[in-house]
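Structural features, examined
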Amino acid sequence: MSVTSTAPRNTVVRDRPAARRLYSDAERARRDGTRWTLVQGILAPVQFVVFLVSLGLVLRYLATGAGYDAATLSIVIKTVLLITIMITGAIWEKVVFGQYLFAPAFFWEDVFSFGVIALHCWYMGALLTAAMDPVSLMYVALAAYAAYVINAGQFLWKLRMARLDAMGRA
């Protein structure tokens, strides 16, 4: 059985099946109507700027041995922002999708987010209990940051998919 397209060549077909859409029409309306979308839109770039500053401080400490306190403080701030964005993101998912986490549209991003949080919590636990030396702590932070970059990439990809989906509906 063959399927023949009725669309002329070089024409973009914008109708995608609903199953492939990131948001249903109702979910998109809830996403656009909740303040939690704005909260996420503010927290995400703030967290990224804190991450960049912190990464620089961690690398500086590892390269020179100077600035341990500044690097440590920056990692703690980054961790607090991460937990904050995870909590507010769960609220956002509840408003938009009707469940706090693991909505099908963001399932793998949420799974990976827990890995990112686990690495940050490992750092915090080791810091608070003095279970690791400063250099080891910084390497745990770097592992957490590498995971964060991957997770941020996942969310940026979903943002791009949402924009493409919105263009396809126009």
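Going along each chain's sequence as written, the residues are numbered from 1 onward. With pLDDT at 70 or above as the cut-off, local features in this predicted model cover only qualifying residues; side-chain atom pairs require 80 or more to be listed or tallied, and sums for whole chains, interfaces and linings still use all residues. Side-chain figures throughout are based on the complete set of non-hydrogen atoms in the structure, without hydrogens or water.

A look at the environment of Met86
Note the following rule: Here a helix means four or more residues in a row that DSSP labels H or I, a strand means two or more in a row labelled E, and each is numbered from the N terminus. Buried residues are those whose accessible area, probed at 1.4 Å on protein chains only, stays under 20% of the maximum for their type, while exposed residues exceed 50% and partly exposed ones sit between those limits. By the convention used here, residues are in contact when the closest approach between their heavy atoms is within 4.5 Å.
Along the chain, Met86 turns up in helix H3 (residues 68-97). What makes Met86 buried here is its relative accessible area of 14%. C-alpha of Met86 to C-alpha of Asp110: the two residues are 24 residues apart in sequence and 8.9 Å apart in space. Once residues lying within four places of it in the same chain are set aside, the contact partners of Met86 are Leu101, Ser113, Phe114 and Ile117.

What about the packing of H3 against helix H4 (residues 107-129)?
How two helices sit against one another is set out by the angle between their axes and by the gap between those axes. Selection criterion: Lines fitted to C-alpha atoms define the axes, with helix axes restricted to the stretch in contact, and inter-axis angles between N-to-C directions lie between 0 and 180 degrees. Left-handed describes a crossing in which the near helix is turned anticlockwise from the far one by less than a right angle; the clockwise case is right-handed. Three residue categories are used. Nonpolar comprises Ala, Val, Leu, Ile, Met, Phe, Trp, Tyr, Cys and Pro, charged comprises Asp, Glu, Lys and Arg, and polar comprises the others, including Gly.
Contact geometry of H3 with H4 gives a least axis separation of 10 Å together with a crossing angle of 145°. Between H3 and H4 lies a crossing of left-handed hand. Contacts from Tyr68, Thr72, Ile75, Val76, Lys78, Thr79, Leu82, Ile83, Met86 and Glu93 in H3 reach Asp110, Ser113, Phe114, Val116, Ile117, His120, Tyr123, Met124 and Leu127 in H4. Tallied by class, residues from the contact of H3 with H4 come to 12 nonpolar, 4 polar and 3 charged.

Remarks on H3
As a reminder of what qualifies: Between the first and last residue of a helix there are one fewer steps than residues, each counted as 1.5 Å, and that sum is the expected span.
Its 30 residues place the ends of H3 42 Å apart at the C-alpha level, agreeing with the 44 Å of an ideal helix rising 1.5 Å per residue. At the exit of H3 stands Gly98, carrying a positive phi of roughly 85°.

Some words on the nonpolar core
It is characteristic of soluble globular proteins that their nonpolar side chains tend to be buried jointly. The condition is simple: For our purposes a nonpolar core is just a set of buried Ala, Val, Leu, Ile, Met, Phe, Trp, Tyr and Cys residues, chained together by side-chain atoms within 4.5 Å.
Counting residues in hydrophobic clusters, the biggest one holds 24 residues, and the most contacted among them are Ile75, Tyr123 and Met138. Elements with a minimum of two residues in this core: helix H2 (35-64), H3, H4 and helix H5 (134-169). With 8 residues, H5 is the single largest residue contributor to this core. Excluding residues within four positions of it along the chain, Ile75 makes contact with Ser54, Val58, Tyr123, Met138, Ala141 and Tyr145. Of all hydrophobic cores here, the second largest spans 10 residues; its members include Trp36, Trp92, Phe97 and Ala105.

Structural notes on the pattern of salt bridges
Pairing is possible between side chains of opposite charge, provided their charged atoms come close. In plain terms, the rule: Salt-bridge detection follows one rule: a side-chain nitrogen of Lys or Arg within 4 Å of a carboxyl oxygen of Asp or Glu.
All told, the structure shown has 2 salt bridges when counted by the stated rule. Salt-bridge contacts for Asp32 lead to Arg31; the nearest nitrogen and oxygen are separated by 2.7 Å. Judged by relative accessible area, which is 15%, Arg31 ranks as buried. The salt bridge involving Glu109 is made with Lys158; its shortest N-O contact spans 3.3 Å.

Some words on the confidence of the model for the chain
For clarity, the cut-off: Values of pLDDT, ranging from 0 to 100, describe the predictor's confidence in every residue of the model.
Taken residue by residue, the chain gives an average pLDDT of 89. The fraction at 70 or more is 87%. Predicted confidence for residues 1-19 stays below pLDDT 50, and this span has 6 contacts to residues more than four positions away or in other chains.

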